[in-house]
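Structure assessment
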Amino acid sequence: MICIGKLKEDYWRRACEEYEKRLCSFCRFTITELPESRLPDNPGKSQILAALETEADRVLKLTGDSFVAALCIEGESVSSERMADLIRTLSLHGTSEISFIIGSSFGLSDRVKKHASIRLSMSAMTFPHQLARVMLCEQIYRAFQIINHGKYHK
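In short, a report on the structure. Position numbers for residues start from 1 in each chain and track the written sequence from start to end. Owing to the predicted nature of the model, reporting of local features is limited to residues with pLDDT of at least 70; listing and counting of side-chain atom pairs is limited to 80 or more, with chain, interface and lining totals taken over all residues. The side-chain numbers reported here are obtained from all heavy atoms of the structure, hydrogens and water having been left aside.

**What about the nonpolar core?**
Side chains that are nonpolar tend, in soluble globular proteins, to be buried together. Of all hydrophobic cores here, the largest spans 28 residues; its most connected members are Met 1, Met 83, Phe 100, Leu 120, Leu 136 and Ile 140. Numbering of helices and strands runs from the N terminus, with a helix taken as a DSSP run of H or I at least four residues long and a strand as a DSSP run of E at least two residues long. At the level of secondary structure, the elements contributing two or more residues to this core comprise helix H1 (10–23), strand E3 (67–77), helix H3 (80–92), strand E4 (98–102), strand E5 (118–121) and helix H5 (129–147). The dominant element in this core, judged by the number of residues it contributes, is H5, at eight residues. When near neighbours in sequence (up to four residues on either side) are disregarded, Leu 136 contacts Met 1, Leu 71, Met 83, Phe 100, Ile 102 and Met 122. Of all hydrophobic cores here, the second largest spans 11 residues; its members include Ala 56, Val 59, Ala 70 and Ala 116. Residues belong to one nonpolar core when they are buried, are Ala, Val, Leu, Ile, Met, Phe, Trp, Tyr or Cys, and are joined through side-chain atoms within 4.5 Å. Throughout, exposure labels follow a simple rule: accessible area from a 1.4 Å probe, protein chains only, divided by the maximum for the residue type, with under 20% read as buried, over 50% as exposed, and the rest as partly exposed. Residue contacts are defined here by distance: any two heavy atoms, one from each residue, within 4.5 Å place the two residues in contact.

Okay, here's the thing in structure tokens:
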């Protein structure tokens, strides 16, 4: 998982660390935090676009040859079962690395979205980025539980 910005509250960090610990029995799971571009309090559109492009440079350097899943509001909303099926199918077809990308509070640049193999949306509702990160960790963990016929609550 590649994320723009740091988790500020300790409880969000502890939640992600718990999922990281749980996921280590299924895969090599890491969360890479990249710095968020500094912007003034009321940035203009051109300032936001420039910041997103700077962040895109950092993100795309890390994705390599991985399958890229960008989280964005216009992305596809998928069920837990569909997420599991996606991970399973990619694995069966030789994909060894998936990069889930979570942008800053201003989202992701169009360049990252175009580079992505899939665009995903957590929900039609709006969530803080810190919560979205925990939710994504949970859904990745749930996907591996489904794949491995573990405990799974529908």
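**So, the side chain of Gln 130**
Structurally, Gln 130 is set in helix H5. If near-sequence neighbours (up to four positions away) are discounted, Gln 130 is found in contact with Leu 7, Lys 8, Glu 9 and Trp 12.

**Things to note about the pairing of E4**
By the criterion of burial, E4 is predominantly enclosed, with four of the five residues buried. Relative to E4, strand E1 (residues 2–4) runs parallel, the two being bridged by two bridges. Opposite Cys 3, over in E4, you have Ile 102 as the bridge partner. With five bridges joining them, E3 and E4 adopt parallel strand pairing. The residue of E4 that forms the bridge with Phe 67 is Ile 98. The handedness rule is simple: strands pointing away from the viewer, and a clockwise path from the first strand over the helix to the second, make the crossover right-handed. The parallel pair E3 and E4 is bridged by H3, and the resulting crossover is right-handed. Strands pair, by our definition, only if DSSP identifies at least two bridges between them.

**A word on the packing of aromatic side chains**
Between the rings of Phe, Tyr and Trp (Trp by its six-membered ring), a pair exists once the centres lie within 6.5 Å; its type follows the angle of the planes, with under 30 degrees stacked, over 60 edge-to-face, and the other angles tilted. Following the criterion strictly, the structure yields four aromatic pairs and no others. Ring geometry for Tyr 19 versus Tyr 141: centroids 5.9 Å apart, planes at 55°, classification tilted. Taken together, the residues Tyr 19 in helix H1 and Tyr 141 in helix H5 connect sequence positions 122 residues apart. With centroids separated by 5.6 Å and ring planes inclined at 15°, the aromatic side chains of Phe 26 and Phe 144 adopt a geometry described as stacked. Taken together, the residues Phe 26 in the loop between H1 and strand E2 (32–34) and Phe 144 in helix H5 connect sequence positions 118 residues apart. What makes Phe 26 partly exposed here is its relative accessible area of 27%. The exposure class of Phe 144 is buried, given its relative accessible area of 13%. Each member of the aromatic cluster is reached from another via a ring pair, and the members are Tyr 19, Phe 26, Tyr 141 and Phe 144. Any Lys NZ or Arg CZ that is within 6 Å of a ring centre and within 35 degrees of that ring's normal is treated as a charge sitting over the ring. Over the ring of Tyr 141 we find Arg 22; its NZ or CZ atom is 5.3 Å from the centre of that ring.

**Re the pattern of salt bridges**
The term salt bridge refers to a pairing of a side-chain nitrogen on Lys or Arg with a carboxyl oxygen on Asp or Glu at a separation within 4 Å. Under the defined criterion, the tally for this structure stands at 13 salt bridges. Of the charged contacts in the structure, one is a salt bridge between Glu 97 and Arg 28, with a shortest N-O distance of 3.7 Å. Of this pair, Glu 97 sits in the loop between H3 and E4 while Arg 28 sits in the loop between H1 and E2, and the two are 69 residues apart along the sequence. Residue Glu 97 is classed as partly exposed on the basis of its relative accessible area, which comes to 34%. Connected through shared salt-bridge partners, Lys 6, Glu 33 and Arg 133 make up one network.

**Looking at the packing of H3 against H5**
Contact geometry for H3 and H5: axes closest at 8 Å, N-to-C directions at 70°. The orientation of H3 with respect to H5, classified from their angle, is roughly perpendicular. From H3, Ser 80, Glu 81, Met 83, Ala 84, Ile 87 and Arg 88 reach across to H5, where they touch Leu 136, Gln 139, Arg 142, Ala 143, Phe 144, Ile 146 and Ile 147. Each residue receives one of three labels: charged for Asp, Glu, Lys and Arg, nonpolar for Ala, Val, Leu, Ile, Met, Phe, Trp, Tyr, Cys and Pro, and polar for the others, Gly being one of them. Partitioned by chemical class, the residues of the contact of H3 with H5 number eight nonpolar, two polar and three charged. Every axis in this analysis is a line fitted to C-alpha atoms, fitted for helices over the stretch in contact. Angles between the N-to-C directions lie between 0 and 180 degrees. For classification, angles of less than 35 degrees are called roughly parallel, those exceeding 145 degrees roughly antiparallel, those between 65 and 115 degrees roughly perpendicular, and all remaining angles oblique.

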